[in-house]
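What follows is each chain in one-letter form.
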Amino acid sequence: MKTKTRNWDAAEHLDSPSLIAAYLEAALIEAKGDPQFLLTALNTVARAGNFSELSREVGMSRKGLYKALSTDGNPSFTSIMQLLNTLGVEVHFNAQKVSR
C-alpha cells in the first residue's frame, strides 16, 4: 500500500501573532544576512491568512503585495513595517559584539 504524502506548508500553521513572531524570529536566525530568505518567510506569513484582506489593511493592492513579497520583490521598509504591524508582530533590536 502506497503512503500518500503532501507538501508541508508552514502557512497552514501560522494562526496567531505569537506563532508568526516565533516563525519570523527563526527565519531571521536561519537567514544569516540573506534578505531573500526573510522575504520568503514574510510571504509565507502573508499567505497564512486572507491575502486580499491583509493587502487592504497594509494599504497595497493584492497584486502589489504579492509582487513585493515575491522572489523578485523589493518591498520598502515602510511596507514591511506596515505588514508586520498588521500581522500583530513587532521588530526588536539587540546589540551584538562586532569586531572591527
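Keep in mind that what you see is a predicted model, and the values were worked out from it rather than measured.

Conventions used here
Residues numbered from 1 in each chain as written. Predicted model: local features only at pLDDT ≥ 70, side-chain atom pairs only at ≥ 80, totals over all residues. Heavy atoms only, no water. Helix = DSSP H or I, 4+ residues; strand = E, 2+ residues; numbered from the N terminus. Buried < 20%, exposed > 50% of the residue type's maximum accessible area, 1.4 Å probe, protein only. Contact = heavy atoms within 4.5 Å. Lys, Arg positive; Asp, Glu negative; His and termini not counted. Charge placed at Lys NZ, Arg CZ, Asp CG, Glu CD. Axes fitted to C-alpha atoms, helices over the stretch in contact; angles between N-to-C directions. Parallel < 35°, antiparallel > 145°, perpendicular 65-115°, else oblique. Left-handed = near helix turned anticlockwise from the far one by under 90°. Nonpolar A, V, L, I, M, F, W, Y, C, P; charged D, E, K, R; others polar. Core = buried A, V, L, I, M, F, W, Y, C linked by side-chain atoms within 4.5 Å.

Participant: Explain the overall build of the protein chain here, please?
Facilitator: Regarding its fold elements, the protein chain presents five helices and zero strands. Going residue by residue from the N terminus, the α and β elements of the protein chain occur as α-α-α-α-α. Once the C-alpha set of the protein chain is aligned to its principal axes, its extents read approximately 60 × 35 × 25 Å. Considering the protein chain as a whole, with its 100 residues, one finds that 28% of them fall into the buried category. A separation threshold of at least 6 residues defines the contact pool for the protein chain, and within that pool the share at least 24 residues apart is 51%. The protein chain carries 11 positive and 10 negative side-chain charges, and their two centres are separated by 7 Å.

Participant: For this particular structure, what's the right way to read the packing of helix 1 (residues 17-31) against helix 2 (residues 35-47)?
Facilitator: Each packed pair of helices is defined by two parameters, the angle between the axes and the distance between the axes. Running from amino to carboxyl end, helix 1 crosses helix 2 at an angle of 160°, the nearest separation of the two axes being 9 Å. Comparing the axis directions of helix 1 and helix 2 gives the class roughly antiparallel. The hand of the helix 1/helix 2 crossing is right-handed. Here helix 1 contributes Ile 20, Tyr 23, Leu 24, Ala 27, Leu 28, Glu 30 and Ala 31 to the contact with helix 2, which in turn contributes Phe 37, Leu 38, Ala 41, Leu 42, Thr 44 and Val 45. For the contact of helix 1 with helix 2, the per-class residue count stands at 11 nonpolar, one polar and one charged.

Participant: Please clarify how the nonpolar core should be interpreted in this entry.
Facilitator: General note: in soluble globular proteins, nonpolar side chains tend to be found buried as a group. Core analysis: the biggest nonpolar cluster contains 18 residues, and Ile 20, Leu 24, Leu 54, Leu 69, Leu 83 and Leu 87 have the highest contact counts within it. For this core, the leading source of residues is helix 2, giving five residues. When near neighbours in sequence (up to four residues on either side) are disregarded, Leu 69 contacts Leu 39, Leu 42, Asn 43, Ala 46 and Leu 83.

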